[in-house]
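So you can see what is in the structure, the chains are spelled out below.
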Amino acid sequence: MAFDVDRLLRLWSEPLPDDAAAAAAFRELYTDPVTVNGAPVAAAGLVVRARALQAALDVVEREVVDVVEGGGKVAVAFRLRGRHSGTLSTSAGPVPATGEVVELRVIDVLTLTDGRISDIWMVADELGALVGIGAVRLAVVPAGRG
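Position numbers for residues start from 1 in each chain and track the written sequence from start to end. With the structure being a predicted model, the display of local features is reserved for residues of pLDDT at least 70 and the display and counting of side-chain atom pairs for 80 or more, all residues being used for whole-chain, interface and lining totals. Calculated side-chain values reflect all of the structure's heavy atoms, with hydrogen atoms and water omitted.

Draft legend 1. Up close: the overall build of the protein. Scanning the protein from N- to C-terminus turns up 4 helices and 8 strands. Secondary structure counts use DSSP, requiring at least four H or I residues in a row for a helix and at least two E residues in a row for a strand, with both numbered from the N terminus. Ordered by position in the sequence, the α and β elements of the protein form the string α-α-β-β-α-β-β-β-β-β-β-α. Throughout, exposure labels follow a simple rule: accessible area from a 1.4 Å probe, protein chains only, divided by the maximum for the residue type, with under 20% read as buried, over 50% as exposed, and the rest as partly exposed. Expressed as a percentage of its 146 residues, the buried residues of the protein come to 34%. Should any heavy atoms of two residues lie within 4.5 Å, those residues are counted as being in contact. Long-range contacts, defined here as pairs at least 24 residues apart, represent 54% of the contacts in the protein between residues at least 6 apart. About 8,400 Å² of surface is accessible on the protein, with carbon and sulfur atoms providing 56% of the total. Working definition of accessibility: Shrake-Rupley area with a 1.4 Å probe, residue cover restricted to the visible protein chains.

The following block contains the structure:
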């Protein structure tokens, strides 16, 4: 049976019900806790993260670029696009709303245990997204100084 990538992405990008129902929805797809980039995260923590993403982006579009499955793992490459309407949490810190369309390119490598995600290694091109909305500028290094 193929892993339901669309269901996974909808969970992160469509409005969630109350906290208890949202946590239950995450537990249907994830173990509780799940390991995210080496750190355990409870279902309630996933709900908080999903709500933060949903508050940061309006008119969300998802585009699955590729999916590879095998050996109890699923790799998903996708684009998540939306109007940057709220504070976006990034590795560089919180970025206030710009009103611009932001596009995040993401690759998730998921480990499945009994059909649920038990481990995730996630990489997102945050720098490209932040440059795209004008939240950061790349510095030009003068010749001979790089």
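We are not done yet, so read on.
Draft legend 2. Structural detail: the side chain of Asp119. Take Asp119: it is sitting in strand β8 (residues 116–124). Under the counting rule used here, the positive set is Lys and Arg, the negative set is Asp and Glu, and His together with the chain ends is not counted. By salt bridge we mean one thing: a side-chain nitrogen of Lys or Arg within 4 Å of a carboxyl oxygen of Asp or Glu. Summary of buried charges: Asp119 has no salt-bridge partner, and the nearest side chain of opposite charge, Lys73, is 5.3 Å away. A polar side-chain atom of Asp119 sits 3.4 Å from a polar atom in the side chain of Trp121. Setting aside its immediate chain neighbours within four residues, Asp119 contacts Val34, Thr35, Val109, Leu110 and Thr111. Nitrogen and oxygen atoms within 3.5 Å of one another constitute a polar contact, given that in protein one can donate a hydrogen and the other can accept it, and given that sequence-neighbouring residues count only through two side-chain atoms.

Draft legend 3. Focus on the packing of helix α2 (residues 19–29) against helix α3 (residues 43–56). At their nearest, the axes of α2 and α3 sit 9 Å apart, and the two run at 105° to each other. Viewed along their axes, α2 and α3 adopt a mutual orientation that is roughly perpendicular. Across from Asp19, Ala22, Ala23, Phe26 and Arg27 in α2, the residues of α3 making contact are Ala43, Leu46, Val47, Ala50 and Arg51. Only Asp, Glu, Lys and Arg are considered charged in this grouping, and only Ala, Val, Leu, Ile, Met, Phe, Trp, Tyr, Cys and Pro are considered nonpolar; every other residue, Gly among them, is considered polar. Partitioned by chemical class, the residues of the contact of α2 with α3 number 7 nonpolar, no polar and 3 charged. Lines fitted to C-alpha atoms define the axes here, with helix axes fitted over just the stretch in contact, and angles between the N-to-C directions of these axes take values from 0 to 180 degrees. What sets the label is the angle itself: under 35 degrees gives roughly parallel, over 145 gives roughly antiparallel, 65 to 115 gives roughly perpendicular, and the rest give oblique.

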